[in-house]
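Structure at a glance
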Amino acid sequence: MENAYAKSVSEVLAAFGVDPTKGLSDSQAADHAKIFGRNVLPQEQSTPFWKLVLKQFDDLLVKILIAAAIISFILAKMNGETGLSAIIEPSVIFLILAANAAVGVITETNAEKALEELKAYQADVATVLRNGCFSIIPATELVPGDIVEVGVGCKVPADMRMIEILSNQLRVDQAILTGESFSVAKELECTVTTHAVYQDKTNILFSGTVVVAGRARAVVIGVGSNTAMGSIRDAMLHTEDEMTPLKKKLDEFGTFLAKVIAGICVLVWVVNIGHFHDPQHGGILRGAIHYFKVAVALAVAAIPEGLPAVVTTCLALGTKRMARLNAIVRSLPSVETLGCTTVICTDKTGTLTTNMMSVSKVCFMKSLYHRPMMDEYAISGTTYAPEGLIYDNEGVQLDFPAKSPCLLHIAMCSALCNEAILQYNPDKKIYEKIGESTEVALRTLAEKVGLPGFDSMPTALNVLTKLERASYCNKYWEQQFRKISTLEFSRDRKMMSVLCSGKDQDIMFSKGAPESIFARCTHIMCNSDGSSIPLTPDIRSELNSRFQSFAGMDALRCIALAVKRMPPGRQSLSYADEADLTFIGLVGMLDPPREEVREAIKSCMNAGIRVIVVTGDNKTTAESLCRQIGAFDSLGDLSGLSYTASEFDSLPSLLKMAALQRMVLFTRVEPSHKRMLVEALKNQNEVVAMTGDGVNDAPALKKADIGIAMGSGTAVAKSASDMVLADDNFASIVAAVAEGRAIYSNTKQFIRYMISSNIGEVVCIFVAAVLGMPDTLVPVQLLWVNLVTDGLPATAIGFNKPDSDVMTAKPRKVNEAVVSGWLFFRYLVIGAYVGLATVAGFVWWFVYSDNGPHVPYSELVNFDSCSMRQTSFPCSVYEDKHPSTVSMTVLVVVEMFNALNNLSENQSLLKIPPWSNPWLLGSIVLTMLLHISILYIEPLSVLFSVTPLSWSDWKTVIYLSFPVVIIDEVLKFFSRKPRGRTFRLRFWRRDLLPKEARDK
């Protein structure tokens, strides 16, 4: 039923044709079931497993690799190869692709769990009135029009309109919908607010929420998908997962690389058409197949097979570091997404604040003869822990707070007029509440005040264990004063009173809304001597002024406390007794900001990240918090910075777009607003991180570029998120952003390393093919280099330390290419040297090596016609394994030196020495040991077609490899000099790059 909150009880009942004393008849219930459906959230079809698997192979580079593996296997069989040599290359490629596909499938199946976990919030049974009788039926059988009774502890089974309250009050915990920790008082009156949100609909009980106080009856107005929970499910269902910025850029670069590779392969094949008929091939067809195999080897060399595995490994290493920062990553790509986040939309309660109500100020009468008449004391401490100090209005710490008469009576009233429990949890090592947050805050205050009569107070309390300390003072007062009678809180009185007997006197302690307590007080206690004086109009005016200051500018939740001496022997209280009270103090409490948040907000501003506080709380309270944490640049005019949901909804479209660019605070929101905010920001090309903890946050968490759930949050929120904050702390997000930026920087470094190495392999094969030399490297050697000697150092580069200015630079743009124009030029220069050095090592062994055949260069480039000519050496020399071994070793060693180049993109090795990353040094040592093992251990040397090298061979390898360091140092120098970089870029074609790279 639409707008049931705005209709009277009689209108709602009439709409469903139901008598509130009899309920629906069985026939009416059956008819309504046909019209409105069952009270269940529909089951959504999940994506078939085979589709998820195929989706992981929908990538151009992957398709080229698969084709290369299949062709390689077919060609090996056509050449008569059998056993391990025929299948090793395609097998390794398929294993790598399968591993990456498995990671992708696991990630996507996790996302679908969020929808399933929504069902945990549906009630199982309901107490319903039908045919004039109450009965308990499965909640799935409820229909609109049913009269349902709910009580304390009941989970609301459907969306319902209140029709009757059967107790003094009804309070409901709506945290799963609003994210706010305070329970909400429900009423019968209709709501007249326009653009009403969940918090405004005080006559509606929402499906999945829990009754925490009272008993009531309500009529069902919505079931299944037509409930608040159903709307959340629909929002999650219609949210499609989007690729992360890094994935988009890697895919774009992969597509570009694939096109370049395809072009080079075709070029190599075409260039060698004239060699198809060479005699050693045994015919034109066999010659064409031979060079086709060379082209396939070129494709295998050019594609960095290990890149997906190294990216995954680097992100996984990042997740480990983030876990130490209390950020638990559920989706690997989200690690990097944090690095380019431009806006963080953060929940207020529990993220920016401790989610633990704490008394921060108390106000009481000082003396009639002093000005000002009122004293304000400040109380430190931001949690439920009974640890905090009390300061007077001049900021001086009170050594013995309990010696102050007013503070002593405030502590007594806080301890006795209280139904909550404060306890210590030894497993979690925190102080916890049972009951209302405001009452627990009062219990904590009583502990901070301490006890009278001990000169060592409150120091003496510190010798107690935490279990004993939790409620030591509260229990003391409960032992001194026995509770006799209680007047429960009611909505009309807005106060609570208890009658206590002890120390030969009977006293009534009262607490409640300040306006209610003020009206019932005739006297006020003076702190100077503990006396009671009449509450004159002047004092009352001053008291009201302090209350307005607490509630207004300070945005504190205020509770007034009072006492009354009662005649001895009383065994009960009546409402009439709540008169002629003596006012003892005004207590102001708040959900305090976390101590580290202010510095974290400042770090975000320095890093160019905008923080938007999104909360269901009221505007005044939220603005006060934002001032405390420094979210507002100025503390003056907040117009254009702070909006309620209804204010934002009423803005024209153009003004909404302008408001989004300045907004800092968004209050009185419900789930649809959070999702709308994320969509609107993303439409402005912002990279959005959204925090949340309730079921209500799940759609927005799923829609955001990175959803961040709280560790104390619901299972639904965690399942919909990319990352979970174990400590619910905003500061942990900022630390994770810094880690994300460092990971992206390292990702660029190892991509640069791997691509420049692969360019070297391409140049090597291409130059050899164009010059007409024998194959410098066989495919299995290329695969070894790509997977092992490339993979280990590339992974170690992920351990590079972040730059010192990582959180002072602005976020990178979403459309920034992973490989920019200048960077690609550097790839080409380094790659060209790697390839030429590899070919040079091959030529050196044939022409110049003391252990070589000293073949003239002209003979080497015409090796294919050796059998048709008279030569001074046997043609079998071209089958020697030494030259390809030297080439392979040069390629490996030059890549190790190139790995050192990648400790930093632009900083010299003189500034960031190799030992700054011991993992990289270790990986280089391990890589060289592995390479040496395949050279000198017989079965491996046969498998990889290599042979042991002599000391003179190794010296040549080092001479050819080391210059790559000098070349990159020169390029780094130009990178640090913008003019030099611009000069260099004139000499090469930018139109060969991806569009994003050309735009740089």
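This one's a predicted model, so the numbers in the text were calculated from it and none came from an experiment.

**Some points on the pairing of strand β24 (residues 610–614)**
In the case of a regular strand, side chains alternate between the two sheet surfaces. By the criterion of burial, β24 is predominantly enclosed, with five of the five residues buried. Side chains Arg 610, Ile 612 and Val 614 project from β24 onto one buried face, and the interleaved Val 611 and Val 613 project onto a second face that is buried too. For β24 and strand β26 (residues 665–667), the ladder comprises two bridges, and the chain directions are parallel. Its bridge partner being in β26, Val 613 is matched across the sheet by Leu 665.

**As for the environment of Ser 183**
Tracing the backbone through its elements, the reader meets Ser 183 in the loop between α7 (175–178) and β6 (184–185). Looking at Ser 183, the relative accessible area reads 11%, which means it is buried. In this structure the C-alpha to C-alpha distance between Ser 183 and Leu 170, which are 13 residues apart in sequence, comes to 9.7 Å. Here Ser 183 is in contact with Arg 171, Val 172, Asp 173, Val 212 and Glu 436, once residues within four sequence places are set aside.

**Let's talk about the sheet that holds strand β1 (residues 125–130)**
Taken together, six strands build an open sheet; the order of strands is β2-β1-β3-β9-β4-β7 and the sheet is antiparallel. Two strands close off the open sheet at either side, each with one partner strand: β2 (133–138) and β7 (204–205). By the bridge criterion, two bridges tie strand β4 (residues 159–165) to β7 in an arrangement that is antiparallel. Across the sheet, Met 160 pairs through a bridge with Leu 205, a residue of β7. Helix α1 (residues 9–16) contacts β3 (147–150), β4 and β9 (216–222) of the sheet and is inclined by roughly 50° relative to β9.

**Examining the environment of Phe 863**
Structurally, Phe 863 is set in the loop between α30 (857–860) and α31 (882–901). With a relative accessible area of 22%, Phe 863 lands in the partly exposed category. For the pair Phe 863 and Pro 774, spaced 89 residues apart in sequence, the C-alpha to C-alpha distance is 7.1 Å. Apart from residues no more than four positions distant in its own chain, Phe 863 is found in contact with Gly 772, Met 773, Pro 774 and Tyr 878.

**As for the side chain of Asp 146**
Mapped onto the elements of the fold, Asp 146 is located in the loop between β2 and β3. Looking at Asp 146, the relative accessible area reads 0%, which means it is buried. For Asp 146, the side chain forms a polar contact with the side chain of Arg 130, separated by 2.6 Å. Those residues in contact with Asp 146, other than ones at most four positions away along the chain, are Leu 24, Val 128, Leu 129, Arg 130, Glu 141, Ala 218, Val 219 and Val 220.

**Some points on unusual backbone geometry**
The phi torsion at Asn 326 lies on the positive side, around 70°, for a residue other than glycine. Mapping Asn 326 onto the fold places it in the loop between α11 (307–324) and β10 (327–329). By relative accessible area, Asn 326 is classed as partly exposed at 32%. The backbone of Lys 494 shows a phi angle near 55°, a positive value even though the residue is not glycine. With a relative accessible area of 38%, Lys 494 lands in the partly exposed category.

**Points about the packing of helix α29 (residues 821–847) against helix α34 (residues 951–961)**
Two elements in contact, α29 and α34, have axes whose closest approach is 10 Å; the angle formed by their N-to-C orientations is 155°. Relative to α34, α29 is oriented roughly antiparallel. Read as a crossing pair, α29 and α34 show a hand that is right-handed. Of the residues in α34, those touching α29 at Tyr 833, Ala 837, Ala 840, Gly 841, Trp 844 and Trp 845 are Ser 952, Asp 953, Thr 956, Leu 960 and Ser 961. Partitioning the contact of α29 with α34 into residue classes produces six nonpolar, four polar and one charged.

**Some remarks on the pattern of salt bridges**
For side chains bearing opposite charge, pairing can occur when the charged atoms are close. Tallied over the full model, the rule gives 22 salt bridges. In this structure, Lys 972 engages Asp 968 in a salt bridge whose closest nitrogen and oxygen atoms are separated by 3.9 Å. Within this pair, Lys 972 and its partner Asp 968 are both found in helix α35 (residues 963–975), separated by four residues, close to a single helical turn. Residues Lys 972 and Asp 968 agree in their burial class; the two are buried.

**Remarks on the UniProt feature "transmembrane region" (unreviewed entry) in the protein**
The sites that UniProt annotates as "transmembrane region" (unreviewed entry) are residues 60–78, 84–106, 253–271, 291–317, 750–773, 824–847, 919–937 and 957–974. With 100% helix and 0% strand, residues 253–271 has end C-alpha atoms that lie 27 Å from one another. Secondary structure across residues 750–773 divides into 92% helix and 0% strand, with the first and last C-alpha atoms of the span separated by 32 Å.

**Overview of a nonpolar patch on the surface**
Nonpolar side chains collect at one region of the surface, where Val 266, Trp 269, Val 270, Ile 273 and Phe 292 lie side by side and expose about 420 Å² of accessible area between them. When residues in the nonpolar patch are grouped by element, the largest group, three residues, is from helix α9 (residues 245–271). If you trace the backbone, Phe 292 turns up in helix α10 (residues 284–302).

**Observations concerning the packing of helix α14 (residues 437–449) against helix α16 (residues 472–480)**
One way to put it is that α14 packs onto α16 with a least axis distance of 7 Å and a crossing angle of 90°. On the basis of their axis angle, the class for α14 and α16 is roughly perpendicular. Residues Arg 443, Ala 446 and Glu 447 of α14 pack against Tyr 472, Cys 473, Asn 474 and Glu 478 of α16. Residues belonging to the contact of α14 with α16 are distributed by class as follows: three nonpolar, one polar and three charged.

**Some details on the sheet that holds strand β28 (residues 706–710)**
Sheet architecture is open: eight strands sit in the order β10-β29-β28-β27-β11-β24-β26-β25, paired in mixed fashion. This sheet does not close on itself; its edge strands, each paired only once, are β10 and β25 (642–644). Taken pair by pair, the neighbouring strands of this sheet meet at an average axis angle of 20°, ignoring direction. With three bridges joining them, β25 and β26 adopt parallel strand pairing. If you follow Tyr 643 over to β26, its bridge partner there is Phe 666.

**Topic: the packing of aromatic side chains**
Counted according to the given criterion, the structure contains 13 aromatic pairs. Pairing Phe 481 with Phe 509 gives two aromatic rings, centres 6.3 Å apart and planes at 85°, and the pair type is edge-to-face. With Phe 481 in the loop between α16 and β17 (482–487) and Phe 509 in strand β19 (residues 505–512), this pair connects stretches of sequence that are 28 residues apart. This pair shows no difference in class: Phe 481 is buried, exactly as Phe 509 is. For the pair Phe 518 and Phe 547, a centre-to-centre distance of 6.1 Å together with 85° between the ring planes defines the contact as edge-to-face. Of this pair, Phe 518 sits in helix α17 (residues 514–520) while Phe 547 sits in helix α18 (residues 537–551); the two residues are 29 residues apart in sequence, bridging distant segments of the chain. Like Phe 547, Phe 518 is buried. Taken together through their ring pairs, the aromatic side chains of Phe 518, Phe 547 and Phe 583 make up a single cluster.

**Description of helix α20 (residues 619–629)**
Every buried residue of α20 is accounted for by Ala 622, Glu 623, Ser 624, Leu 625, Cys 626 and Ile 629. Of the residues one or two after α20, Gly 630 is the one with positive phi, at around 80°.

**Digging into helix α26 (residues 730–771)**
With 42 residues, α26 extends 61 Å from end C-alpha to end C-alpha; this agrees with the ideal 62 Å at 1.5 Å per step. Extensive coverage of α26 is indicated by the burial of 37 of its 42 residues. Here α26 starts with a cap whose side-chain oxygen sits 3.0 Å from the backbone nitrogen of Ala 731, and that cap is Asn 729. Downstream of α26 by a residue or two, Gly 772 has a phi angle that is positive, lying close to 85°.

Procedures and definitions
Residues numbered from 1 in each chain as written. Predicted model: local features only at pLDDT ≥ 70, side-chain atom pairs only at ≥ 80, totals over all residues. Heavy atoms only, no water. Buried < 20%, exposed > 50% of the residue type's maximum accessible area, 1.4 Å probe, protein only. Helix = DSSP H or I, 4+ residues; strand = E, 2+ residues; numbered from the N terminus. Pairing = 2+ DSSP bridges. Contact = heavy atoms within 4.5 Å. Axes fitted to C-alpha atoms, helices over the stretch in contact; angles between N-to-C directions. Polar contact = N/O pair within 3.5 Å; in protein donor to acceptor, adjacent residues only side chain to side chain. Parallel < 35°, antiparallel > 145°, perpendicular 65-115°, else oblique. Left-handed = near helix turned anticlockwise from the far one by under 90°. Nonpolar A, V, L, I, M, F, W, Y, C, P; charged D, E, K, R; others polar. Salt bridge = Lys/Arg side-chain N within 4 Å of Asp/Glu carboxyl O. UniProt positions renumbered as here; feature names shortened; annotations may be inferred. Patch = residues over 30% accessible without salt bridge, like charges linked within 9 Å, V, L, I, M, F, W, Y side chains within 5 Å. Areas by Shrake-Rupley, 256 points an atom, 1.4 Å probe, with all protein chains shown as cover. Phe/Tyr/Trp six-rings, centres within 6.5 Å; stacked < 30°, edge-to-face > 60°. Expected span 1.5 Å × (residues − 1).

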